[in-house]
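If you want the building blocks of each chain, they are given just below.
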Amino acid sequence: MMPEISKVDLHTHSTFSDGSLSPEQLVQRALSRQLRLLALTDHDASGGVESAVKAAEGSTLKVIAGAELSTTWQNCQIHIVGLFLDLHSNALSNFYQGQRERRIERAKAIGVKLERQGFHDAYARTCAMAEPGALITRGNYARFIFSAGQASSIDDAFNSYLKKGKSAYVNTLWPSIGEAVDVIRASGGVAVLAHPKRYLLTNTKLRRLIEEFKSSGGLAMEVASCRQRPCDRVYLGELCQHYGLFASMGSDYHQGSPWLDLGLGLTLPEGLTPVWECPQARELKLDEFLRS
Ligand code: AMP
Ligand code: MN
Ligand code: MN
Ligand code: MN
């Protein structure tokens, strides 16, 4: 049986970071899959949001302004999604500027490592494959390595070159979880702990992460994602309820596949309060909108 397509997807990427579709194309794809609510959450950037909002104007789809912020917590890279962001916020612009500088420095350092391994002009050619001014992530480099025929897939590019411990890995100290949550709150947004199972933490450490995230002012966590074991969704649902957080769900769309697509199979376990019922969303009357 094919999994259903949910009407909501609150974690997606466009060409403004390492996604394969432009914001307009992403909106078209969401509309063709009959989604009603889509958050664009590019890495450390919201440059694509305005175009996505414009593309959805007058349609049955509402676009939520978001971003996925990179943080460092106990030597792990933890992602915090911000939803309902005020894109005119100075706090947010300053944060993005810092992330942009860190990312450029890191992307150049990755480029140097790849050059030494025979990838000619790696940084410039990776930039050329993205939207002008887009934030360069390891996802962009993975696509470059794959297109250069040096990896059999995006996953293989990570496993062979880009993962921690591999030949083109560059360690970066990102801001703390507290700094990311503060900037999201200062921009009127809701902080969501992204894909909590992806960090491969022990259950004890995952609980510690959620506790620290919550005490920093984090309000929600992702419970439902694509390519997720059913037992993981149940466990995350239990943690979400235990810590009194709002529940979110998102595909983390970068490019479509049979297992990962906008809204694909995203359903929340019973008894959780979805993030589109939080006070910020109530102001936008999202609950009513979803029922219409
Ligand atoms: P960065 O923020 O530059 O470290 O890049 C992180 C991005 O790389 C993630 O958001 C994913 O899109 C992608 N990524 C990380 N690990 C993998 C992996 N093992 N396979 C495929 N994509 C990955
Ligand atoms: Mn990515
Ligand atoms: Mn992520
Ligand atoms: Mn993501």
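Preceding block: the structure.
Residues numbered from 1 in each chain as written. Chains lettered and ligands numbered in written order. Predicted model: local features only at pLDDT ≥ 70, side-chain atom pairs only at ≥ 80, totals over all residues. Heavy atoms only, no water.

Some remarks on the overall build of the chain
Which entries qualify depends on this criterion: A run of DSSP states H or I qualifies as a helix once it reaches four residues; a run of E qualifies as a strand once it reaches two. Both are numbered from the N-terminal end. Atoms considered for the radius of gyration are the C-alpha atoms alone. The globule rule reads 2.2 Å times the number of residues to the power 0.38. Burial classification: accessible surface area is computed with a 1.4 Å probe over protein chains only, and a residue below 20% of its type maximum counts as buried, one above 50% as exposed, and the rest as partly exposed. Any two residues having at least one pair of non-hydrogen atoms within 4.5 Å are treated as being in contact. Only the protein chains shown count as cover for residues, and the accessible areas themselves come from Shrake-Rupley with a 1.4 Å probe.
A count of helices and strands for the chain gives eleven helices and seven strands. The globule rule puts the C-alpha radius of gyration for 292 residues at 19 Å, and the 18 Å found for the chain is close to it. Per-residue burial for the chain yields a buried fraction of 55% across its 292 residues. Restricting to contacts in the chain with at least 6 residues of sequence separation, those with at least 24 account for 73%. Of the roughly 13,500 Å² that the chain leaves accessible, carbon and sulfur atoms contribute 51%.

A word on the state of the cysteines
As a reminder, the rule being used: Note on disulfides: each one is a pair of cysteine sulfur atoms within 2.5 Å.
Inspection of the entire model under this criterion finds zero disulfides. In this model Cys240 remains outside any disulfide bridge; the closest cysteine sulfur is found in Cys278, 12 Å from its own. Given a relative accessible area of 0%, Cys240 falls into the buried group. Using a relative accessible area of 0% as the deciding quantity, one classes Cys278 as buried.

Let's talk about the sheet that holds strand 7 (residues 246-249)
The cut-off we apply is this: Only strands that DSSP links by at least two bridges are regarded as paired with each other. To define axes, lines are fitted to C-alpha atoms, for helices over the stretch in contact only, and angles between the resulting N-to-C directions are given on a 0 to 180 degree scale.
Taken together, seven strands build an open sheet; the order of strands is 1-2-3-4-5-6-7 and the sheet is mixed. The sheet terminates laterally at strand 1 (8-9) and strand 7, the two strands that pair on one side only. Sheet topology note: the strand 6 (residues 220-224)/strand 7 ladder contains four bridges and is parallel. Each residue of the ladder has a partner; that of Ala220, found in strand 7, is Phe246. Packing of helix 3 (residues 90-116) onto the sheet brings it into contact with strand 3 (62-73) and strand 4 (76-83), and relative to strand 3 it is tilted by some 60 degrees.

What to know about the coordination of the manganese ion (ligand 3)
How we decide: Because water is not among the atoms used, a metal site may look incomplete, as its donors are only the N, O and S atoms within 2.8 Å, or 3.2 Å for Na, K and Ca.
Donor atoms from the polypeptide that bind the manganese ion (ligand 3) are Glu68 (OE), His79 (ND1) and His195 (NE2), placed at 2.1 to 2.2 Å. Each donor residue of the manganese ion (ligand 3) belongs to the same chain, and together they define the spacing E-x10-H-x115-H. Between the manganese ion (ligand 3) and the manganese ion (ligand 2) the interatomic distance comes to 5.8 Å. Remark: His79 occurs in strand 4 and Glu68 occurs in strand 3; sequence separation between them is eleven residues. Across the pair, His79 and Glu68 agree in class, each one buried.

Overview of the pairing of strand 6
Defined as follows: Crossover handedness is defined by viewing with both strands directed away from the observer: a clockwise path from the first strand over the helix to the second marks the crossover as right-handed.
Most of strand 6 sits out of view: five of its five residues are buried. Sheet topology note: the strand 5 (residues 190-193)/strand 6 ladder contains two bridges and is parallel. Looking at the pairing, Val192 lines up with Ala220 of strand 6. At this point the chain moves from strand 5, through helix 8 (residues 203-215), to the parallel strand 6, and the crossover so formed is right-handed. Read as a crossover between parallel neighbours, the route from strand 6 over helix 9 (residues 230-242) to strand 7 is right-handed.

Brief notes about the coordination of the manganese ion (ligand 4)
Surrounding the manganese ion (ligand 4) are the protein donor atoms His11 (NE2), His13 (NE2), Glu68 (OE) and Asp252 (OD), which sit 2.1 to 2.2 Å from the metal. In the primary structure, the donors to the manganese ion (ligand 4) are separated according to the pattern H-x1-H-x54-E-x183-D.

With respect to the pairing of strand 4
The buried count for strand 4 comes to seven of eight residues, which makes it a mostly enclosed element. Relative to strand 4, strand 3 runs antiparallel, the two being bridged by eight bridges. Each residue of the ladder has a partner; that of Gly66, found in strand 4, is Leu83. Hairpin connection, strand 3 to strand 4: the antiparallel pair is bridged by two residues, and Gln74 has positive phi, about 45 degrees. Strand direction decides the pairing type here: strand 4 and strand 5, joined by four bridges, are antiparallel. Looking at the pairing, Gly82 lines up with Ala191 of strand 5.

Topic: the packing of aromatic side chains
Aromatic rings in a pair are described by how distant their centres are and how their planes are angled relative to each other. Under the convention used in this document: Planes of paired rings set the category: under 30 degrees apart is stacked, over 60 is edge-to-face and the rest tilted, where pairs are Phe, Tyr or Trp rings (Trp by its six-membered ring) whose centres lie within 6.5 Å.
Enumeration over the complete set of coordinates arrives at two aromatic pairs. With 5.9 Å between their ring centres and 55 degrees between their planes, Phe119 and Phe144 make a pair best called tilted. Of this pair, Phe119 sits in the loop between helix 3 and helix 4 (122-129) while Phe144 sits in helix 5 (residues 138-147), placing them 25 residues apart in sequence. In this structure, Phe119 and Phe144 share a single accessibility class: buried.

Remember that the coordinates give geometry; whether it matters functionally is a separate question.
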